[in-house]
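# Breakdown of the fold
Residues per chain are reported as follows:
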Amino acid sequence: MNEFIIDFQVTKMCNLNCEFCCGADKSKKDSTLEEIKIVIDKFGKAGVDRIVLTGGEPLIRKDIDEIINYIYNKGINVYLSTNGYFLNEHIDVVSKCVDCIGLPLDGYTTELSEEMTRKDSQLDVTLNSLKLIKEKNKNIITKVGTVVSKINYDTLDRLGELLYKDKNFAPDVWRLYQFTPLGEGKKVKNKFYITDEEFDEVVKKIKNRFPDKNIGSLSNAESNDTYIFIAPNMEIVGLSDDDYISLGNALDMSYTEIVELREKMKETLKNAKKNREWTITQ
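The sections below set out a description of the structure shown in this document. Predicted model only: the values in this text are computed from it and were never measured.

Parameters and conventions
Residues numbered from 1 in each chain as written. Predicted model: local features only at pLDDT ≥ 70, side-chain atom pairs only at ≥ 80, totals over all residues. Heavy atoms only, no water. Helix = DSSP H or I, 4+ residues; strand = E, 2+ residues; numbered from the N terminus. Rg over C-alpha atoms; globule rule 2.2 N^0.38 Å. Contact = heavy atoms within 4.5 Å. Areas by Shrake-Rupley, 256 points an atom, 1.4 Å probe, with all protein chains shown as cover. Pairing = 2+ DSSP bridges. Axes fitted to C-alpha atoms, helices over the stretch in contact; angles between N-to-C directions. Buried < 20%, exposed > 50% of the residue type's maximum accessible area, 1.4 Å probe, protein only. Right-handed = clockwise from strand over helix to strand, strands pointing away. Salt bridge = Lys/Arg side-chain N within 4 Å of Asp/Glu carboxyl O. 1 Å grid on protein atoms, 1.4 Å probe; cavity = no way out; pocket = protein on both sides within 12 Å on 5 of 7 lines; lining within 4 Å. Points joined across faces, edges and corners; volume = space filled by probe spheres on them. Nonpolar A, V, L, I, M, F, W, Y, C, P; charged D, E, K, R; others polar.

## Let's talk about the overall build of the protein
When you go through the protein residue by residue, the secondary structure sums to 11 helices and 10 strands. Over its C-alpha trace the protein gives a radius of gyration of 18 Å, about what one expects of a compact globule, namely 19 Å for 282 residues. With respect to the principal axes defined by its C-alpha atoms, the protein has extents near 50 × 40 × 35 Å. Taking the contacts inside the protein whose residues are at least 6 apart along the sequence as the reference set, 71% of them involve residues at least 24 apart. In the structure as shown, the protein presents an accessible area of about 13100 Å², 45% of it carried by carbon and sulfur atoms.

What follows is the structure, encoded as structure tokens:
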């Protein structure tokens, strides 16, 4: 069971422009490949079990295959969080080195995807990515993540029917995330906001609708003290009280300081472990 999980935002760049994005700060400068390797070495020595590659869109980096290979060869589990648009270009290294992959899908129609401010093509991209992964390596755990908002919360049963239509390519896990007014999402809270009660109700409805499926959820409250990020500029960031807090700089920190940070943040890491229990092969 993983105990030390880090979300590594290897780039701020993305090919999408989702209004609810709470990913990497676009004002942060991306680090070099050598800097990334140095930090991977430090955290690997400190006992990190899993690195979640995210961004931005991680597959947009030209050196992402080398980054994935580097982590894999260190004996660290790799979880790739991607929108899928560039997956086909990197499928060889992904199918070999990645053991978990997360893909987004917020609507069962192209119109809903577009209304949620993803591209209308996201529907086909995610479904085709699931098929591609299952064909290349059926042992990779696949997760579809859905941002639940007032735009789509009453349509999720139809999204579930679409996801589970073909059991050969259905995701292993479906995760429902309450819209979180963080990052860019702060600007559009009125457009997407869903109450805690509404979120709980739709999660219950979906779990009852698909009782034999692995369906999880994460509310706003549960997001707090659950993640530790390494930002593109190597700043280490935690999420607490609905705000991001700086914990230091990964490049500047020594191995000893990272071990001390691990001890200091043990409750957050425990929460992170619980939040990512689905990444463990049963």
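## With respect to the sheet that holds strand 10 (residues 243-249)
With mixed pairing, 10 strands are arranged side by side in an open sheet as 7-6-5-4-3-2-1-8-9-10. If you trace the sheet from one side to the other, it starts and ends with strand 7 (215-218) and strand 10, each paired once. Strand after strand, the sheet turns through a mean of 25 degrees between neighbouring axes, direction not considered. Contacting strand 2 (50-54) and strand 3 (77-81), helix 2 (residues 64-73) crosses the sheet at an angle of about 170 degrees to strand 2. Strand contacts of helix 8 (residues 196-209): strand 5 (141-148), strand 6 (173-178) and strand 7, with the helix running at about 165 degrees to strand 6, the strand carrying the most contacts.

## Looking at the pairing of strand 9 (residues 235-240)
Summarising burial for strand 9: 6 of the 6 residues are buried, a large majority. The two faces of strand 9 match: Glu235, Val237 and Leu239 on one face and Ile236, Gly238 and Ser240 on the other face are all buried. Linkage of strand 8 (residues 228-230) to strand 9, two consecutive antiparallel strands, is achieved through a turn of 4 residues, within which Met234 is found at a positive phi near 80 degrees. Where strand 9 folds back onto strand 10 in an antiparallel hairpin, the turn is made up of 2 residues, including Asp241, whose phi is positive at roughly 55 degrees.

## Description of the pairing of strand 1 (residues 5-9)
The element strand 1 is extensively covered by neighbouring structure, given that 5 of its 5 residues are classed as buried. On strand 1, burial covers both faces: Ile5, Asp7 and Gln9 on one face and Ile6 and Phe8 on the other are all buried. Both strand 1 and strand 2 contribute to a ladder of 5 bridges, which runs parallel. Note on strand 2: the bridge partner recorded for Ile6 is Ile51. With helix 1 (residues 33-45) bridging strand 1 and the parallel strand 2, this β-α-β connection has right-handed handedness. Relative to strand 8, strand 1 runs parallel, the two sharing 2 bridges. Across the sheet, the residue bridging to Phe8 is Ile230, located in strand 8.

## Describing the pattern of salt bridges
As enumerated under the stated definition, the model contains 14 salt bridges in all. Between Asp157 and Arg158 there is a salt bridge whose closest N-O contact spans 4.0 Å. Among the residues examined, Arg158 registers a relative accessible area of 37% and is labelled partly exposed. Residue Arg209 pairs with Glu161 through a salt bridge whose shortest N-O separation is 2.9 Å. Linking Arg209 in helix 8 with Glu161 in helix 6 (residues 156-163), this pair joins segments that are 48 residues apart in sequence. A residue is classified by how much of its surface remains accessible, and Arg209, at 40% relative accessible area, is partly exposed. On the basis of relative accessible area, Glu161 is assigned to the partly exposed category, the value being 38%.

## A closer look at the layout of surface pockets
Of the voids in this model, the largest pocket is the one considered here, and its volume is about 420 Å³. Considering the residues around the largest pocket, the lining is formed by 21 residues, among which Gly23, Ala24, Asp25, Gly183 and Tyr244 are closest to the centre. Sorting the residues of the lining of the largest pocket by element identifies strand 9 and strand 10 as the ones contributing at least two each. With 4 residues, strand 10 is the single largest residue contributor to the lining of the largest pocket. Of the residues assigned to the lining of the largest pocket, the class counts are 10 nonpolar, 4 polar and 7 charged. Here the second largest pocket is characterised by a volume of approximately 310 Å³. Around the second largest pocket sit 14 residues that line it, and Arg175, Ser217, Leu218, Lys274 and Asn275 are the ones nearest its centre.

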